[in-house]
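The primary structure of each chain is shown beneath.
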Amino acid sequence: MPSKEVLRSLIRQRRSLLTEEEWKRKSRKVTEQLKRILNLYPHAESFLFYYPVNREPEITPLAEELLKAGKSVAFPKVSGKEMLPVEVASLKELSRGKFGIPEPPLDFRRILKSADVVFVPGLAFDRFGFRVGYGGGYYDRFLKSFPVKVKVGVCFSFQLFEEVPHDPFDVPVDYITTEKLFIRRKEWNQS
């Protein structure tokens, strides 16, 4: 199994090779798969999205749809070593924040206390729901302490592996979605 550093390098390089058209086409298909998952949770009202950077799957059109449907939509705001889920009324509220990633303005009255669905980006995922992120640990710290019903890993099919390295503090997602499929994570075999 390759190390996290090797996977990070490999996936960054592979994603950078996507043409604009490939990225858009694959992203539209990822969004369609996400809608299939959301059909399993018709009563979901609150959602935490990520803003795509470096050719991550572009799923913000789904955020726009959910906002129009009257759902609660939030994006991460980085504060120190933590990630705060701040609700937005429009994606126009987002502006460049830490790491150059668009994020909402900090408004403590709009921080979600829980979410029905969190969309989790990553460089690599495995079928057990573990992910390799960028190495900052923001999502693992967040998912450990934040009440969420469903965690959905979002990636392209070349980012999905049978197994990726993980640590005891890593928090697995419940589903992994690519442009080709969505799967519920496998549970470890008990012997």
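This write-up is about the structure you can find in this document.

**Description of the nonpolar core**
Among the nonpolar cores identified, the biggest contains 51 residues, and Phe49, Phe119 and Val152 are the most heavily contacted of them. Not counting residues up to four positions away in its chain, the partners in contact with Val152 are Leu34, Ile37, Val117, Val118, Phe119, Val120, Val173, Tyr175 and Thr177. In this structure, Leu7, Ala124, Val132 and Val164 belong to the second largest nonpolar core, which totals six residues.

**Points about helix α4 (residues 138-145)**
Among the residues making up α4, those that are buried are Tyr138, Tyr139, Asp140, Phe142 and Leu143. Tucked inside the fold, the buried residues of α4 contact β1 (46-48), β2 (72-79), β3 (82-88), β6 (115-121), β8 (131-132) and β9 (148-154).

**Quick look at the packing of aromatic side chains**
As enumerated under the stated definition, the model contains seven aromatic pairs in all. Ring geometry for Phe49 and Phe119: centres 4.7 Å apart, planes at 50°, overall tilted. In this pair, Phe49 sits in the loop between β1 and α3 (60-68) while Phe119 sits in strand β6, placing the two residues 70 residues apart along the sequence. Comparing Phe49 with Phe119, the two get one shared label, buried. One aromatic cluster is present, formed by Tyr41, Tyr175 and Phe182 through successive ring pairs. Positioned over the ring face of Phe158 is Arg14, at 4.2 Å from the centre of the ring. Taking the ring centre of Tyr138 as reference, the NZ or CZ of Arg141 above it sits at 5.1 Å.

**A closer look at the side chain of Ser46**
Tracing the backbone through its elements, the reader meets Ser46 in strand β1. Polar side-chain contacts of Ser46 include one of 3.0 Å to the backbone nitrogen of Asp116. The residues contacting Ser46, other than those within four sequence positions of it, are Ser72, Ser114, Ala115, Asp116 and Val117.

**A few points about unusual backbone geometry**
Although it is not a glycine, Asn54 adopts a positive phi angle of roughly 50°. Looking at the element boundaries, Asn54 is found in the loop between β1 and α3. In this structure, Arg55 is a non-glycine residue whose phi angle is positive, near 65°. The topology assignment puts Arg55 in the loop between β1 and α3.

**Quick word on the packing of helix α2 (residues 20-39) against α3**
Packed helix pairs are specified by the crossing angle of their axes together with the interaxial distance, meaning the distance between the axes. Between α2 and α3, the least distance of the axes is 9 Å, while the angle of their chain directions is 40°. Between α2 and α3, the crossing angle belongs to the class labelled oblique. Crossing of α2 against α3: the hand is right-handed. From α2, Thr31, Leu34, Lys35 and Leu38 reach across to α3, where they touch Leu62, Glu65 and Leu66. A per-class count over the contact of α2 with α3 returns four nonpolar, one polar and two charged.

Rules behind the numbers
Residues numbered from 1 in each chain as written. Predicted model: local features only at pLDDT ≥ 70, side-chain atom pairs only at ≥ 80, totals over all residues. Heavy atoms only, no water. Core = buried A, V, L, I, M, F, W, Y, C linked by side-chain atoms within 4.5 Å. Buried < 20%, exposed > 50% of the residue type's maximum accessible area, 1.4 Å probe, protein only. Contact = heavy atoms within 4.5 Å. Helix = DSSP H or I, 4+ residues; strand = E, 2+ residues; numbered from the N terminus. Phe/Tyr/Trp six-rings, centres within 6.5 Å; stacked < 30°, edge-to-face > 60°. Lys NZ or Arg CZ within 6 Å of the ring centre and 35° of its normal. Polar contact = N/O pair within 3.5 Å; in protein donor to acceptor, adjacent residues only side chain to side chain. Axes fitted to C-alpha atoms, helices over the stretch in contact; angles between N-to-C directions. Parallel < 35°, antiparallel > 145°, perpendicular 65-115°, else oblique. Left-handed = near helix turned anticlockwise from the far one by under 90°. Nonpolar A, V, L, I, M, F, W, Y, C, P; charged D, E, K, R; others polar.

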